[in-house]
Amino acid sequence: MGLLVVLDEAVAALKDPLGEDDRAQGWTDDLRREVQEEISISRSVVRRHGVGMTRHLRPRLDEWMEREDVQPGRLRDLVVEVQRSLVEEARTLT
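Owing to the predicted nature of the structure, the values given are computational and were not obtained by experimental measurement.

S.K.: What is the right way to look at the environment of Glu-34 in this model?
M.R.: Relative to the elements of secondary structure, Glu-34 occurs in helix H3 (residues 29-49). Residue classification places Glu-34 among the partly exposed residues on the basis of a relative accessible area of 42%. Along the sequence, Glu-34 and Met-65 sit 31 residues apart, while their C-alpha atoms lie 11 Å from each other.

Put into structure tokens, the structure is as follows:
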């Protein structure tokens, strides 16, 4: 799956209202919006300037989820996949 596809899917999923399961896993509306905005910024950078810019992005979404005490679930898995994809793409460029 391409990097932009992963970013697009994450942004779309994070735009949706939170479900009961999401809230039980520690998500709040503010956190959802903040994470969605962060991923949107990365997506815009990649779209405008190309995948070469991934080496300059420093995603720390896993640490953010940890600090916010977000439990495993669909949104956390999606966010971790975004971070993994960004890091993996940056590694392929070095």
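S.K.: What should I look at first to understand H3 in this one?
M.R.: Because each turn of an α-helix spans 3.6 residues, side chains separated by three or four positions in sequence point in the same direction. Spanning 21 residues, H3 covers 30 Å between terminal C-alpha atoms, matching the ideal 30 Å at 1.5 Å per step. Of the residues making up H3, those classed as buried are Leu-31, Arg-32, Val-35, Gln-36, Ile-39, Ser-40, Ser-42, Arg-43, Val-45 and Val-46.

S.K.: In this structure, what is going on with the side chain of Arg-32? I would like to understand it.
M.R.: You can see Arg-32 is positioned in helix H3. For the buried residue Arg-32, which engages in no salt bridge, the nearest side chain bearing the opposite charge is Asp-29, 4.1 Å off. Discounting residues that sit within four places of it in the chain, Arg-32 has contacts with Leu-14, Lys-15, Asp-16, Leu-18 and Trp-27.

S.K.: I would appreciate a short explanation of the pattern of salt bridges in the present structure.
M.R.: When the charged atoms of two side chains with opposite charge come close together, those side chains can pair. In the structure shown here, the tally under the stated rule is eight salt bridges. The salt bridge involving Asp-22 is made with Arg-74; its shortest N-O contact spans 2.9 Å. Of this pair, Asp-22 sits in helix H2 (residues 20-24) while Arg-74 sits in helix H5 (residues 74-92); the two residues are 52 residues apart in sequence, bridging distant segments of the chain. On the accessibility criterion, Asp-22 (3% relative accessible area) is buried. In this structure, Glu-88 and Arg-84 form a salt bridge, with 2.6 Å as the shortest nitrogen-oxygen distance. Taken together, the positions of Glu-88 and Arg-84, both in helix H5 and four residues apart, correspond to about one turn of that helix. Members of the salt-bridge network, linked through shared partners, are Asp-8, Arg-43 and Arg-47.

S.K.: I tried to follow unusual backbone geometry on my own but got confused; where do I start?
M.R.: Comment: phi is negative for the bulk of residues other than glycine, and the bulk of peptide bonds are trans. Despite not being glycine, Asp-69 has its phi angle at roughly 60°, a positive value. Along the chain, Asp-69 turns up in the loop between helix H4 (61-67) and H5. Taking the relative accessible area as the measure of exposure, Asp-69 reaches 53% and is therefore exposed.

About the thresholds
- Residues numbered from 1 in each chain as written.
- Predicted model: local features only at pLDDT ≥ 70, side-chain atom pairs only at ≥ 80, totals over all residues.
- Heavy atoms only, no water.
- Helix = DSSP H or I, 4+ residues; strand = E, 2+ residues; numbered from the N terminus.
- Buried < 20%, exposed > 50% of the residue type's maximum accessible area, 1.4 Å probe, protein only.
- Expected span 1.5 Å × (residues − 1).
- Lys, Arg positive; Asp, Glu negative; His and termini not counted.
- Salt bridge = Lys/Arg side-chain N within 4 Å of Asp/Glu carboxyl O.
- Contact = heavy atoms within 4.5 Å.

Function cannot be read off these values alone, since they describe shape.
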